[in-house]
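# Architecture at a glance
Listed here are the chains, written in short residue letters.
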Amino acid sequence: MQVNSTKTTEYIAVPWTDFGGATGIAPTALVKATGLSVDDTLEVYDAANGDWEGYRWTGTEWTSTTENPNVTTLTRGIAVKLTRANTANNVYLVGGAPEGAVETALQNNKWNLVANPGFGAFTIGLEKLGTSTKDKVMVANAEAFDQYTYRATDGWAKIVPVVDEKGIQTNTRVKENMTVPQGTGFFFVNQSGKVDIKW
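Description of the structure in this document. Being a predicted model, the structure only gives us computed values, none of them experimental.

### Description of the layout of surface pockets
Of the pockets and cavities examined, the largest pocket occupies roughly 330 Å³. For the largest pocket, the lining is made up of 20 residues, of which Tyr45, Ala47, Thr75, Ile78 and Ala105 are closest to its centre. Those elements giving two or more residues to the lining of the largest pocket turn out to be β3 (41–46), β8 (103–105) and β9 (110–115). For the lining of the largest pocket, a count of residues per class yields 12 nonpolar, 5 polar and 3 charged.

Dropping the structure here:
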């Protein structure tokens, strides 16, 4: 799968498993060497403990920068953070694509790093994310994050700060940039006790 991105830091999806029918894929096997540069880093988010576990690309392989990492297998439906020294080239994700539904378990009261485990962009909406006004979706942009929330009157929408002529800032809700590009992930801030996302 090709991931089109020019960001220095990109949250990339885990859409595959290891070849041969395994249930997951090792962090070191997810990203194809093509397009990588020496000192690129890959970080896996351990949502249960709120920690990042890292890997560094040496030019020939990924080496762990975390002693005794907890997350050694990535499951479909989550995402990882890739920081790149050179963004001129696209990123390619490799692995097997088993059939069947994917359910991503969520940690409550945590930021969960998740991603569509299939081809195509993901639309931010109630079908997959539910209808709780407590939950948030955070999608990385070039500088920080775009925030999305749900409201009964208009569903999921992006929160955009607006400053009036007096310098007073308020938030408005807009239905724009409502998709997460193919092969990239986002944070689902679970504050409602949602158990999982059924992709």
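### Description of the nonpolar core
Counting residues in each nonpolar core, the largest one holds 21 residues, and the members touching the most others are Ile12, Leu30, Val31, Leu42, Leu74, Val80 and Leu93. Apart from the residues within four sequence positions on either side, Leu42 is in contact with Ile12, Pro27, Val31, Glu53, Gly54, Tyr55, Trp62, Val80, Lys81 and Leu82. One finds Leu129, Met178, Val180 and Trp199 within the second-largest nonpolar core, a separate group that totals 17 residues.

### Digging into the pairing of strand β2 (residues 9–13)
By the criterion of burial, β2 is predominantly enclosed, with 4 of the 5 residues buried. Here β2 pairs with strand β6 (residues 79–83) via 5 bridges, running antiparallel. Counterpart to Tyr11 in the pairing with β6 is Lys81.

### Topic: the pattern of salt bridges
Per the counting criterion, the structure on display carries 8 salt bridges. Among the charged side chains, a salt-bridge network with shared partners connects Asp146, Lys158 and Glu176.

### Quick word on the packing of aromatic side chains
Tallied over the full model, the rule gives 13 aromatic pairs. Seen from their ring centres, Tyr11 and Phe187 are 5.3 Å apart, and the 70° between their planes marks the pair as edge-to-face. Taken together, the positions of Tyr11 in strand β2 and Phe187 in strand β16 (residues 185–190) put the pair 176 residues apart, joining distant regions of the chain. Neither residue differs from the other here; Tyr11 and Phe187 are each classed as buried. Geometrically, the ring pair formed by Phe186 and Trp199 is edge-to-face, given 6.4 Å between the ring centres and 75° between the ring planes. Here Phe186, found in strand β16, pairs with Trp199, found in the segment after β17 (196–198); they are 13 residues apart in sequence, far enough to count as distant. Site record: aromatic cluster; members linked through ring pairs are Tyr11, Tyr45, Trp52, Trp111, Phe145 and Phe187. A cation sits over an aromatic face here: Lys81 above Trp52, 4.4 Å from the ring centre.

### Digging into the sheet that holds β3
A sheet is described by the order of its strands in space; here 5 strands give the open sequence β2-β6-β3-β4-β5, paired in antiparallel fashion. Each end of this open sheet is capped by a strand with a single partner; those strands are β2 and β5 (62–64). Strand-to-strand twist across the sheet, computed as the mean angle between neighbouring axes with direction ignored, equals 30°. Where strand β4 (residues 51–57) lies against β5, 3 bridges are found, and the strand directions are antiparallel.

### Regarding the sheet that holds β16
Across the sheet, which stays open at both edges, the 6 strands sit in the order β9-β16-β11-β12-β13-β14 with antiparallel pairing between neighbours. Two strands bound the open sheet, and with one partner strand each, they are β9 and β14 (169–174). Taking each pair of neighbouring strands and ignoring which way they run, the sheet shows an average axis angle of 35°. Bridge count between strand β11 (residues 136–140) and strand β12 (residues 145–151): 5 bridges; the pairing is antiparallel. Bridge pairing links Lys136 to Thr149 in β12.

### Examining the environment of Val80
Positionally, Val80 belongs in strand β6. Taking the C-alpha atoms as reference points, Val80 and Phe186, separated by 106 residues in sequence, lie 9.5 Å from one another. If sequence neighbours within four positions are ignored, Val80 has contacts with Glu10, Tyr11, Ile12, Val14, Leu30, Leu42, Glu43, Val44, Leu74 and Leu113.

Each value, and the rule that gives it
Residues numbered from 1 in each chain as written. Predicted model: local features only at pLDDT ≥ 70, side-chain atom pairs only at ≥ 80, totals over all residues. Heavy atoms only, no water. 1 Å grid on protein atoms, 1.4 Å probe; cavity = no way out; pocket = protein on both sides within 12 Å on 5 of 7 lines; lining within 4 Å. Points joined across faces, edges and corners; volume = space filled by probe spheres on them. Helix = DSSP H or I, 4+ residues; strand = E, 2+ residues; numbered from the N terminus. Nonpolar A, V, L, I, M, F, W, Y, C, P; charged D, E, K, R; others polar. Core = buried A, V, L, I, M, F, W, Y, C linked by side-chain atoms within 4.5 Å. Buried < 20%, exposed > 50% of the residue type's maximum accessible area, 1.4 Å probe, protein only. Contact = heavy atoms within 4.5 Å. Pairing = 2+ DSSP bridges. Salt bridge = Lys/Arg side-chain N within 4 Å of Asp/Glu carboxyl O. Phe/Tyr/Trp six-rings, centres within 6.5 Å; stacked < 30°, edge-to-face > 60°. Lys NZ or Arg CZ within 6 Å of the ring centre and 35° of its normal. Axes fitted to C-alpha atoms, helices over the stretch in contact; angles between N-to-C directions.

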